[in-house]
Amino acid sequence: TGGVFKQLKKLKELNLSENKIVKIDENVFTANEKLEFLNMGHNNISELPANLFKSQESLTVVYMQNNQLETFPKDLFAQCPALMELRVDNNQIKELPKKLFESNKKFKLLNLLNNQIEKFDGKILPEGMELLYVGELGIHNCVLFAFEL
């Protein structure tokens, strides 16, 4: 049990940016229940394990910009009720699962700039969203927002 950071049980911020990371083990953050800020930007990550954030109830900010991500497991953030900000700009994201943010009632900011999304359904976003960056997506089919901005 626990991952590479298992001895750091009080860890609140972790910056793994610009490390040429290709793969993330699903247990890497298991022991880091106090983790609030995670930066995995500017790496070569193409996929994320479904259980990556299974014990991160304190996680509020995740940066994964400038990677090779194409999609997300549908329950990736299900155990992250405090999540407020996600930056995934400059990836290869083609679609967002319909229930990706279902458990994230505090969610405020999503940056999707410069991705490959062809179909975007704004109804997947939490009602409390405040900032949404979607420019340069190449969207062909867009269902606009089910809430007022």
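The structure displayed is predicted, hence computed values, not measured ones.

Q: Before we move on, can you summarise the pattern of salt bridges with the specific residues and values?
A: Counted by the stated rule, this structure contains 4 salt bridges. Lys-74 is the salt-bridge partner of Asp-75, the closest N and O atoms lying 3.6 Å from each other. By relative accessible area, Asp-75 is classed as partly exposed at 43%.

Q: Can you break down the side chain of Asn-43 residue by residue, with the values?
A: In this structure, Asn-43 sits in the loop between β2 (37–39) and β3 (61–63). A polar contact is formed between the side chain of Asn-43 and the backbone oxygen of Gly-41, at a distance of 3.1 Å. Setting aside its immediate chain neighbours within four residues, Asn-43 contacts Leu-16, Ser-17, Glu-18, Asn-19, Lys-20, Ile-21, Asn-66 and Asn-67.

Q: Which residues make up the packing of aromatic side chains, and what are the values?
A: How two aromatic rings sit relative to each other is set out by the distance from centre to centre and by the angle between their planes. Scanning all chains against the criterion turns up 7 aromatic pairs. Seen in terms of ring centroids, Phe-5 and Phe-29 are 6.3 Å apart; in terms of plane orientation they differ by 5°. Their pairing is stacked. Linking Phe-5 in the segment before β1 (13–15) with Phe-29 in the loop between β1 and β2, this pair joins segments that are 24 residues apart in sequence. For Phe-5, a relative accessible area of 16% gives the class buried. Seen from their ring centres, Phe-29 and Phe-53 are 6.4 Å apart, and the 10° between their planes marks the pair as stacked. With a gap of 24 residues between them, Phe-29 in the loop between β1 and β2 and Phe-53 in the loop between β2 and β3 connect regions that are remote in the sequence.

Q: Provide a residue-level description of the environment of Gly-128, including the pertinent values.
A: When you line up the elements, Gly-128 lands in the loop between β6 (119–121) and β7 (131–133). With 19 residues separating them along the chain, Gly-128 and Leu-109 place their C-alpha atoms 9.4 Å apart. Ignoring anything within four residues of it in the chain, the contact list for Gly-128 reads Phe-107 and Lys-108.

Q: Before we move on, could you go through the environment of Lys-119 and cite the residues and values that matter?
A: Take Lys-119: it is sitting in strand β6. What makes Lys-119 exposed here is its relative accessible area of 55%. On a C-alpha basis, the gap between Lys-119 and Glu-95 in space is 6.8 Å, while along the polypeptide they are 24 residues apart.

Q: Any chance you could break down the sheet that holds β3 for me, citing the residues and the numbers?
A: Strand order in this open sheet of 6 strands is β1-β2-β3-β4-β5-β7, and the pairing throughout is parallel. Two strands lie at the open edges of the sheet, namely β1 and β7, each paired on one side alone. Each adjacent strand pair in this sheet contributes to an overall mean axis angle of 5°, direction not counted. Of the strand pairs in this sheet, β3 and strand β4 (residues 85–87) are connected by 3 bridges, and their pairing is parallel.

Q: A description of the nonpolar core should follow, citing residues and the corresponding values.
A: Most often, soluble globular proteins have nonpolar side chains that are buried together. Membership of the largest hydrophobic core comes to 38 residues, with the highest contact counts inside it found for Phe-29, Met-40 and Phe-53. Non-local contacts of Phe-29, meaning those with residues more than four positions away in its chain, are made with Phe-5, Leu-14, Leu-16, Leu-35, Leu-38, Met-40, Leu-52, Phe-53, Ser-55 and Gln-56.

Q: Tell me what's going on with the environment of Pro-97, and back it up with residues and numbers.
A: Here Pro-97 shows up in the loop between β4 and β5 (109–111). Placed 24 residues apart in sequence, Pro-97 and Pro-73 show a C-alpha to C-alpha distance of 7.3 Å. Contacts of Pro-97, omitting those with residues within four sequence positions, involve Thr-71, Phe-72, Pro-73, Lys-74 and Ile-124.

About the criteria used
Residues numbered from 1 in each chain as written. Predicted model: local features only at pLDDT ≥ 70, side-chain atom pairs only at ≥ 80, totals over all residues. Heavy atoms only, no water. Salt bridge = Lys/Arg side-chain N within 4 Å of Asp/Glu carboxyl O. Buried < 20%, exposed > 50% of the residue type's maximum accessible area, 1.4 Å probe, protein only. Helix = DSSP H or I, 4+ residues; strand = E, 2+ residues; numbered from the N terminus. Polar contact = N/O pair within 3.5 Å; in protein donor to acceptor, adjacent residues only side chain to side chain. Contact = heavy atoms within 4.5 Å. Phe/Tyr/Trp six-rings, centres within 6.5 Å; stacked < 30°, edge-to-face > 60°. Pairing = 2+ DSSP bridges. Axes fitted to C-alpha atoms, helices over the stretch in contact; angles between N-to-C directions. Core = buried A, V, L, I, M, F, W, Y, C linked by side-chain atoms within 4.5 Å.

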